[in-house]
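One letter stands for each residue in the lines below.
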Amino acid sequence: MKQERKNSHHFIQSVKPIVLRILPGLLVCIFIAVISQIIAYFLPIIGAALFAIVLGILAGNTIFSKEIFNAGSKFSESNLLEYSIVLMGLTLNIMDIISVGWQGLLFIIFQMILTIIVAYLIGKLLRFGKKFCLLMCAGNAVCGSSAIGTVSGVIDTDAKEKGISITTVNLTGTVLMIALPFITGALYNNETMQSSAMIGGILQSVGQVIGSAAFINADVVTMSTIFKIIRIILIVVVALAFSKCNTNEGEPLLAKRHNTDTSTKVKAKIPWYIIGFFIFSLIATANIVPQVVSHYTHLVSTQFEIIALAGIGMRVKFRDLIKEGPKALLYGGAIGVCQVGLAIGLIFLLFGLF
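Criteria and cut-off values
Residues numbered from 1 in each chain as written. Predicted model: local features only at pLDDT ≥ 70, side-chain atom pairs only at ≥ 80, totals over all residues. Heavy atoms only, no water. Helix = DSSP H or I, 4+ residues; strand = E, 2+ residues; numbered from the N terminus. Buried < 20%, exposed > 50% of the residue type's maximum accessible area, 1.4 Å probe, protein only. Areas by Shrake-Rupley, 256 points an atom, 1.4 Å probe, with all protein chains shown as cover. Polar contact = N/O pair within 3.5 Å; in protein donor to acceptor, adjacent residues only side chain to side chain. Contact = heavy atoms within 4.5 Å. Arc of directions from axis to C-beta. Patch = residues over 30% accessible without salt bridge, like charges linked within 9 Å, V, L, I, M, F, W, Y side chains within 5 Å. Salt bridge = Lys/Arg side-chain N within 4 Å of Asp/Glu carboxyl O. Phe/Tyr/Trp six-rings, centres within 6.5 Å; stacked < 30°, edge-to-face > 60°. Lys NZ or Arg CZ within 6 Å of the ring centre and 35° of its normal.

(A) Seen up close, the overall build of the chain. Per the secondary structure count, the chain includes 14 helices and zero strands. N-terminal to C-terminal, the α/β element order of the chain is α-α-α-α-α-α-α-α-α-α-α-α-α-α. Counting only residues that meet the buried cut, the chain has 48% of its 354 residues in that class. Here the chain has roughly 17600 Å² of accessible surface; of this, 68% comes from carbon and sulfur atoms.

(B) Seen up close, the side chain of N140. Looking at the element boundaries, N140 is found in helix α6 (residues 130-155). What makes N140 buried here is its relative accessible area of 0%. At 2.8 Å, the side chain of N140 forms a polar contact with the backbone oxygen of M136. Beyond its immediate sequence surroundings of up to four residues, N140 is in contact with T115, V169, I202, Q204, R231, I335 and Q339.

(C) Looking closely at helix α11 (residues 235-243). Residues of α11 that are buried: I235, V238, A239, F242 and S243. Projected onto a plane normal to the axis of α11, the buried residues spread over an arc of 135° and lie on a single side.

(D) Summary view of a nonpolar patch on the surface. A contiguous nonpolar patch, built from V19, L23, L27, I30, V34, I38, Y41, F42 and L43 and spanning about 870 Å² of accessible area, is present on the exposed surface. Of note, V34 is situated in helix α1 (residues 2-42).

(E) Structural detail: the environment of I230. Along the polypeptide, I230 turns up in helix α10 (residues 218-233). For I230, a relative accessible area of 16% gives the class buried. As for I230 and V142, which are separated by 88 residues in sequence, their C-alpha atoms are 9.3 Å apart. Setting aside residues no more than four positions away along its own chain, I230 makes contact with V100, L105 and I108.

(F) Up close: the packing of aromatic side chains. The full count for this structure, using the stated rule, is eight aromatic pairs. Between Y41 and F42, the aromatic rings sit 5.3 Å apart at their centres with planes inclined by 90°, giving edge-to-face as the arrangement. Residue classification places Y41 among the exposed positions, given a relative accessible area of 66%. An angle of 15° between the planes, with centres 5.0 Å apart, marks the rings of F128 and Y331 as stacked. Of this pair, F128 sits in the loop between α5 (101-125) and α6 while Y331 sits in helix α14 (residues 318-352), placing them 203 residues apart in sequence. As far as burial versus exposure is concerned, F128 and Y331 are alike and both buried. The positively charged end of K327 is found above the aromatic ring belonging to F128, 4.8 Å away from the centroid.

By themselves, these figures tell us nothing about what the structure is for.
Laid out in structure tokens, this is it:
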């Protein structure tokens, strides 16, 4: 008993600093989420998602811009969003995942391949280095920061290239997150499949996908998340392909490398929350969870989602826009425009003709 108390005390003492570090920023994100939902109650046509992001950006660049809030906003942006995705699985029948059909699968594959090709060509046109171009390819084609982190280890990039690519991709995604619901509304009248394909097939992070889809309706949130999850699963394929690329400047990208380090192994694995999402989806499909549990799970997942969107907003810094310069932002913007154009074409071919 004495040993158990000692272990418990040691655990509390080790966790306490982490909690205290996260708490300030987390409380701000929760406060923004609450205010956003109150405003959305009076303006339901806009929704809490947009208010959470906008208020987060304003807060993160003014009164809550200090270092003390960074850990909590990061926790909200990443961890709470991951928990939200896992809980979302408990409200989703696995047959809904299959519902994207062969058209949906082909759309994701072609959208990713074409995004990688276009992103690389634009990067070389703007005279960026091969490694930076490949980071931008992965970040835009797959899953933003996570993909950049995975590929940076595969092609051995430096911290500066990694940081600039993450910032550029996230800023581009934030703009697209707000713009895409208007585009899908104009082109497809917010039809679930077409809107979900565009949002889930273009946006870089899961948070951006959920946030953008939340501007439309719950069905688009669910379906666009499925499209996004398929992209995330394919990070393994992208990382393996990029590991074969020749990143030496002045040599063809697909040429055989003469200085290949055979000790380097490709480390790309499916994120834990995607595995959790599928496990919970299987449980929901088996129909062993009471309806009331699914209902409250959905409520909790939605709250985590809005808090996460506030965190995403808080981490978009105006100083990053100035620091990275117009060239990197031009690169990110050009890729975003091309992605939208590619998606429109593929949606027409795959969903419009069949």
